[in-house]
Amino acid sequence: MKILGIETSCDETAASVVEDGHLVLSNVIASQIDLHAKTGGVVPEVAAREHVLKMLPVIDEALGNFGFDDLDAIAVTKGPGLISSLIIGTETASVISCVKEIRLIEVQHIVGHIYSNWLNVAEPIEFPILVLTVSGGHNELILMKGHGEFEVLGETLDDAAGEAFDKVARLLDLGYPGGPIISRIAVSGDEKAFKLPRAWLSQGSLDFSFSGLKTAVLDLVKNTVAARGILSAKFKADVSASFQEAVCEILATKLMMAYEKFPQIKELHLAGGVSANLRLRELIEEKIAIFKIKVKFRYPRDLKFCTDNAAMIAAAGYHLYKKNPKAHKRLANVVPSANYAL
Ligand code: KG4
Ligand code: ZN
């Protein structure tokens, strides 16, 4: 079954054709990073205008030699995300569905990220799965009992981890998006240079909070500027390493705390933009080894599947369709929703 995925929830215009929910036949992503680097973050109106320009060429490229008649369905991100960005993807998908009479499947963006772990994986993935989704816009611990069956065990009370990476990069004047830059600079820094706070919240809580950590970095930066006038390259590297260590320690520890509550878990999955972070992957692997846990640990096979892409939306669409074929109609219309819940 070939599905065309379409994703426009934030600042990537993406389309992809995926076969049977895992085999990626094409994966086209038009990134707006250069456009938003100038403003240090995404300006919704600017993002939406760029989606309008890129949507059809990106779909054209993703289809390659396939025509719409070769498709069994279209899957599109309904939300959450920037409403003006979402609407470009959902309108395009709805028009194609109506004109070409193709089945249309709406996908929740975080569910899409969860299915990035199925991409280009041939072997069966075993349930139940504990998923840590970490992106710029979301941060959850999710118990996945089967396809399309999700229970949120914990979530962020304020910023998502990726958002914290982006804001700290901005404080250090490092550029956008912050995650990849901070993780690169952190390699030459000392993670013990600054003692930054870790918000564990109430005992046993599986929720997250990164606003205190962000404020601690803000204070550190302000005090250093007041004392020295400039931020040296060494200071930036040490703050990056100390900050990254604090975020990764919280994420990895909370994942293990959740595992302790559900020892029947067969697999641990990491998904979302921050799943590209090598230190986070390493820390989780270390904890699995220390606690001698017998689980399969997965993160997306390709860095391109960590951040926003349409292949994950097509994969999610396939499994949602298989679970309930009658729910997804031809000649359908998907209305975007900025706060579409899991
Ligand atoms: O999943 P994604 O593309 O968009 C959302 O759904 O939000 O995630 C983007 C986020 C950004 O905040 C970016 O800074 C972060 O993922 N990110 C990283 C890394 N690569 C991307 N964070 C930490 N380390 C990375 N290597
Ligand atoms: Zn995302």
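Residues numbered from 1 in each chain as written. Chains lettered and ligands numbered in written order. Predicted model: local features only at pLDDT ≥ 70, side-chain atom pairs only at ≥ 80, totals over all residues. Heavy atoms only, no water.

Quick question: what am I supposed to make of the sheet that holds strand β3 (residues 23–31) here?
Reading across the sheet, the 5 strands line up as β3-β2-β1-β4-β5 and stay open at both edges, with mixed pairing between neighbours. Single-partner strands in this sheet number two, and they are β3 and β5 (103–108). Ignoring which end each strand starts from, the neighbouring axes of this sheet average 20 degrees apart. Running at roughly 155 degrees to strand β4 (residues 73–79), helix α3 (residues 83–100) makes contact with β1 (2–7), β4 and β5 of the sheet. This element, helix α10 (residues 311–323), spans β1, β2 (12–19), β3, β4 and β5 of the sheet and lies at about 110 degrees to β5. (Pairing = 2+ DSSP bridges. Helix = DSSP H or I, 4+ residues; strand = E, 2+ residues; numbered from the N terminus. Axes fitted to C-alpha atoms, helices over the stretch in contact; angles between N-to-C directions. Contact = heavy atoms within 4.5 Å.)

Please explain the coordination of the zinc ion (ligand 2) as it appears in this structure.
Ideal donor angles around a metal are set by the shape: a four-donor tetrahedron calls for 109.5 degrees, a six-donor octahedron for 90 or 180 degrees. Coordination of the zinc ion (ligand 2) by the protein comes from His109 (NE2), His113 (NE2) and Asp308 (OD), over a distance range of 2.0 to 2.1 Å. Between the 4 donor atoms coordinating the zinc ion (ligand 2), the angles at the centre fall across 94 to 134 degrees, so the site counts as tetrahedral. (Donors = N, O, S within 2.8 Å, 3.2 Å for Na, K, Ca; no water. Tetrahedral: all angles 85-135°; square planar, octahedral: opposite > 155°, others 65-115°.)

What should I look at first to understand the domain arrangement of the protein in this one?
Often, the extent of an interface is quoted as the loss of accessible area upon association of its parts. Structurally, the protein comprises domain 1 (2–116 + 304–327) and domain 2 (126–300). Between the C-alpha centres of domain 1 and domain 2 the distance comes to 27 Å. Each side of the interface is counted separately: domain 1 has 21 residues, and domain 2 has 21 residues. Taken together, both faces of the contact between domain 1 and domain 2 bury some 1600 Å²; the carbon and sulfur share is 71%. When the area that domain 1 buries against domain 2 is broken down by residue, the three leading residues are Ile110, Ile114 and Cys306, summing to 36%. Linking domain 1 with domain 2 are 1 salt bridge, by the criterion used here. Two residues, Glu149 and Lys323, come together in a salt bridge whose shortest N-O distance is 3.5 Å. Between the two partners, domain 1 and domain 2, sit 6 residue pairs in polar contact (both at pLDDT 80 or more). Elements with a minimum of two residues in the side of domain 1 that touches domain 2: α1 (33–37), α4 (109–114) and α10. Ranked by residue count, the leading element in the side of domain 1 that touches domain 2 is α4, at 5 residues. Considering only residue class, the side of domain 1 that touches domain 2 consists of 10 nonpolar, 9 polar and 2 charged. (Domains from an automatic or database assignment. Buried area = accessible area lost by both parts, 1.4 Å probe. Salt bridge = Lys/Arg side-chain N within 4 Å of Asp/Glu carboxyl O. Polar contact = N/O pair within 3.5 Å; in protein donor to acceptor, adjacent residues only side chain to side chain. Nonpolar A, V, L, I, M, F, W, Y, C, P; charged D, E, K, R; others polar.)

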